[in-house]
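What follows is the residue order along each chain.
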Amino acid sequence: MTRRMWPDVQTAQLSCFLTVAEAGSFHRAAAALDMGQSAISRRIQKLEDTLGVSLFERRPSGARLTVAGECFALRVRLIMDEVNFAVDAARSAGVAKNGHLQIGIIASLSAGPIRTSLQRFLDRHPQVEICLLETDRSELMTMLSHRRIDLVCVSGEPLS
């Protein structure tokens, strides 16, 4: 599959573009973003130059999307929603709110503190899938150091 490289468009430009589109004015968008109006104008102008099309009709009373701007706004909103969703999902996985957790064990889970801890974790984080792997201590430590598993649960004193 051949992938097309997209033009030099920055998320900050897209965010400014959507804010101006929703506010209907560069001035109101600048206030909403706590930026100078000239900075907003420069970002939008650079975006328009990159795309080769005017996105707004600029008037003393505000800014109105052109036909091209309407089409672009529709797609950019979808893309930005997906980017925000991806960022939220990554952050959630990073703090164990969702995702997949690989745990290496050298212990019985029929009873005891490991089972209790895992059950509490699962109760608090139902979106996390846990995969348990049982093998010898040295193999688990190697897997942990190579980041093939996330956690090792072993009994006894740590080895130096």
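As the structure is a prediction and not an experimental result, all values here were calculated from the model.

Criteria and cut-off values
Residues numbered from 1 in each chain as written. Predicted model: local features only at pLDDT ≥ 70, side-chain atom pairs only at ≥ 80, totals over all residues. Heavy atoms only, no water. Core = buried A, V, L, I, M, F, W, Y, C linked by side-chain atoms within 4.5 Å. Buried < 20%, exposed > 50% of the residue type's maximum accessible area, 1.4 Å probe, protein only. Helix = DSSP H or I, 4+ residues; strand = E, 2+ residues; numbered from the N terminus. Contact = heavy atoms within 4.5 Å. Phe/Tyr/Trp six-rings, centres within 6.5 Å; stacked < 30°, edge-to-face > 60°. Polar contact = N/O pair within 3.5 Å; in protein donor to acceptor, adjacent residues only side chain to side chain. Pairing = 2+ DSSP bridges. Arc of directions from axis to C-beta.

**Some thoughts on the nonpolar core**
Counting residues in hydrophobic clusters, the biggest one holds 20 residues, and the most contacted among them are Phe 17, Val 20, Phe 26, Ile 40, Ile 44 and Phe 56. Of all the elements, helix α1 (residues 11–23) adds the most residues to this core, at six residues. In this view, Phe 17 contacts Ile 44, Leu 47, Leu 55, Phe 56, Leu 65, Gly 69, Phe 72 and Ala 73; residues no more than four positions away in its chain are not counted.

**Regarding the packing of aromatic side chains**
Applying the stated criterion across every chain, the model contains three aromatic pairs. When the ring of Phe 17 is compared with that of Phe 56, the centres are 5.5 Å apart and the planes differ by 55°; the resulting orientation is tilted. Pair noted here: Phe 17 is in helix α1 and Phe 56 is in strand β1 (residues 56–59), with a separation of 39 residues, a long-range link. The pair Phe 17 / Phe 56 is uniform in exposure class, with both members buried. Here the aromatic residues Phe 17, Phe 26, Phe 56 and Phe 72 are joined through ring pairs into a cluster of three or more.

**Some words on the side chain of Thr 66**
Within the secondary structure, Thr 66 is located in the loop between β2 (62–65) and α4 (67–94). A polar contact of 2.9 Å, which involves the side chain of Thr 66, links it to the backbone nitrogen of Gly 69. Setting aside anything within four residues of it in sequence, one finds Thr 66 in contact with Ser 54, Leu 55, Phe 56 and Glu 57.

**What about the pairing of β1?**
Pairing of β1 with β2, which is carried by four bridges, proceeds in the antiparallel orientation. Looking at the pairing, Phe 56 lines up with Leu 65 of β2. Between β1 and β2, which pair antiparallel one after the other, the connecting turn spans two residues.

**Structural notes on helix α2 (residues 26–33)**
Of all the positions in α2, only Phe 26, Ala 29 and Ala 30 are classed as buried. For α2, the arc enclosing every buried residue in end-on projection is 100°, short of the 170-degree limit, so these residues lie on one face. Of the residues in α2, the exposed ones pointing more than 90 degrees away from the buried face are His 27, Ala 31 and Ala 32. Buried-residue contacts for α2 involve α1, α3 (37–51), β1 and β2. Two residues or fewer past α2, Asp 34 is found with a positive phi of approximately 55°.

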